[in-house]
Amino acid sequence: MEKVLLIGIDTRSMLNSALKLDYDIFSTSYFSTSDTPIIENQKIILNESDGESCGIFEDNFNSKSIIEMSRDFIDEVDYIIPISGVSPDDFSKKDQKKILGNRDVGEVENKFRFFKKIRNEFLTPMTFSVSDIDEAHEISNNYPDKQFILKPLQGSGGYNINMLDNANKIEFNDSEFMMQEYVSGVSLSSSVLSTKSEAKTITNTRLFTENDFEKNNSFVYVGNALPLTGNSVMANVKDIDNVNSEMCDASENLICKFNLIGSNGVDYILNEDGLYVIEINPRLQGTFECVEKSFGINMLDAHIKACNGEIIKIPKAKYYSFKKIIYSPTRMKYSKINLDNIYDLPHPGSITEKGEPLLTIIDKDESFENLYKKVESASEIVNKSARINQLDA
């Protein structure tokens, strides 16, 4: 039986799908959620325990350390599937040969190189590479009618993205940030399967950041709703069918342009000026479980088959699906919450710091209105529990 290593920040959802396939599965992850399947060949960095803090993710996670921890697994397995938090570039050239998915992702993961490559073919925000905060402000002063954001050249999940006016505390190191025109609008995303010769969009989705719910200028990823319709877009968007068609064409062209294979995502912002391309995620995306719930397919199987040259037949969506990550409103000690649509659960008694990911709500329904009500109801219950179990003010 062939051996496959799943490696990244949180392998729970991929593990559930992998265990339905005919592989010997290995897993290394940062998070240790209480609902993660326990398998024989498994390593976890964050060992949660009663009364102990889970710490600050951004301060503690390091992709190089997770790969070093997996050294024996990497040597033993036949294939590696990196997921969010781990880049193919983190592996040695020898180990990259085992990757089921994209191996050469430099032009995609380096966001400035990506924009330089596509700016003459697609609608993109005005983008600059900057080496310090003074240079950023100098460029900004040349465009007094525009707002700008600063973001790392590499990164995912919307972390470390700041409005320029709030970015004075950022420490620059050898041009590791870029400055980009702030484009307001509706955040959207495509989930695409591709082989070396073709690409096919599974679905388009509404993408959510913290700002969609909290209005706090935070671009941290919160979740998705899919498939994309006039209801799930949750905004005043005209001719959603045309938007879907334009997204499919652009996403498939972009994936082919960068010769990507497997499951990939393309993020956009839609406003009155059109559909702005924001980034490509050259790996399995956060929509993984939503797609599975909505379409009834095994996304890990679809990814592996696409990497091997076969795009599965994509059925019509049977349900709407919604994912919402809850970031803890307080520093709190977790106790069991009796809901059947919550995932990525902390271990009972462990401490989640304020603002850190607490758990994920994922649900489906034939009616988007009913689905939204279920997700928001669960969100209120989870946040209430966090406040009840608050440890300090």
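This text gives an overview of the structure that appears in the document. If you're wondering where the values come from, they're calculated on a predicted model, not measured in any experiment.

**Section: the pattern of salt bridges**
Pairing between side chains of opposite charge can happen when their charged atoms approach one another. Summed over all chains, the structure comprises 20 salt bridges. The salt bridge partner of arginine 12 is aspartate 35, with a shortest N-O separation of 3.9 Å. Taken together, the residues span a long stretch of sequence, with arginine 12 in helix α1 (residues 12-18) and aspartate 35 in the loop between β2 (24-29) and β3 (41-44) at a distance of 23 residues. We classify arginine 12 as buried; its relative accessible area is 2%. Note that aspartate 50 is salt-bridged to lysine 333, the shortest N-O span being 3.3 Å. With aspartate 50 in the loop between β3 and α2 (57-60) and lysine 333 in strand β15 (residues 332-333), this pair connects stretches of sequence that are 283 residues apart. For aspartate 50, a relative accessible area of 56% corresponds to the exposed category.

**Remarks on the packing of aromatic side chains**
A complete count under the given rule lists 16 aromatic pairs for this structure. Judged by centre distance (5.4 Å) and plane angle (65 degrees), the rings of tyrosine 320 and phenylalanine 368 are edge-to-face. Placement of the pair is tyrosine 320 in strand β14 (residues 320-327) and phenylalanine 368 in helix α13 (residues 368-388), with a sequence separation of 48 residues. For tyrosine 320, a relative accessible area of 12% puts it in the buried group. For the cation-ring pair, lysine 43 lies above phenylalanine 73, with the distance from its terminal atom to the ring centre recorded as 4.7 Å. Sitting over the ring of tyrosine 319, lysine 364 keeps its end group 4.3 Å from the ring centre.

**Description of the sheet that holds strand β12 (residues 262-271)**
Strand order in the open sheet formed by eight strands is β13-β12-β9-β10-β11-β14-β18-β16, with antiparallel pairing between adjacent strands. Across the chains shown, the open sheet's two edge strands, defined by having one partner strand only, are β13 (274-281) and β16 (342-343). Sheet topology places β16 next to strand β18 (residues 357-365); two bridges connect them, and they run antiparallel. Note that in β18 the partner of tyrosine 343 across the bridge is threonine 360. Packed on one face of the sheet, helix α10 (residues 240-257) meets β9 (186-194), β10 (199-209), β12 and β13 and runs near 110 degrees to β10.

**What about α10?**
Spanning 18 residues, α10 covers 25 Å between terminal C-alpha atoms, matching the ideal 26 Å at 1.5 Å per step. Among the residues of α10, Ile240, Val243, Asn244, Met247, Ala250, Ser251, Glu252, Leu254 and Ile255 are the ones counted as buried. Residues of α10 that are buried in the fold lie against α7 (111-118), β9, β10, β12 and β13. Count one or two residues on from α10 and you reach asparagine 259, which has phi positive near 55 degrees.

**Digging into the side chain of serine 321**
Of note, serine 321 is situated in strand β14. Owing to a relative accessible area of 0%, serine 321 belongs among the buried residues under this scheme. Engagement of the side chain of serine 321 in a polar contact is seen with the backbone oxygen of aspartate 363, the distance being 3.2 Å. Residues contacting serine 321, with those up to four places away along its chain left out, are Asn224, Ala225, Leu226, Cys290, Lys293, Ser294, Ile362, Asp363, Lys364 and Leu371.

**Overview of the environment of phenylalanine 122**
As for its position among the elements, phenylalanine 122 is in the loop between α7 and β5 (127-130). Here phenylalanine 122 falls in the buried class, since its relative accessible area comes to 17%. For phenylalanine 122, the contacting residues outside a window of four places in its chain are Ala250, Asn253, Leu254, Lys257 and Val277.

**A look at the pairing of β18**
Counting buried residues along β18, seven of its nine residues qualify, which places the element largely inside the surrounding structure. Across eight bridges, the pairing between β14 and β18 is antiparallel. Each bridged residue has a counterpart across the sheet, and for tyrosine 327 the counterpart in β18 is proline 357.

Rules used throughout
- Residues numbered from 1 in each chain as written.
- Predicted model: local features only at pLDDT ≥ 70, side-chain atom pairs only at ≥ 80, totals over all residues.
- Heavy atoms only, no water.
- Salt bridge = Lys/Arg side-chain N within 4 Å of Asp/Glu carboxyl O.
- Helix = DSSP H or I, 4+ residues; strand = E, 2+ residues; numbered from the N terminus.
- Buried < 20%, exposed > 50% of the residue type's maximum accessible area, 1.4 Å probe, protein only.
- Phe/Tyr/Trp six-rings, centres within 6.5 Å; stacked < 30°, edge-to-face > 60°.
- Lys NZ or Arg CZ within 6 Å of the ring centre and 35° of its normal.
- Pairing = 2+ DSSP bridges.
- Contact = heavy atoms within 4.5 Å.
- Axes fitted to C-alpha atoms, helices over the stretch in contact; angles between N-to-C directions.
- Expected span 1.5 Å × (residues − 1).
- Polar contact = N/O pair within 3.5 Å; in protein donor to acceptor, adjacent residues only side chain to side chain.

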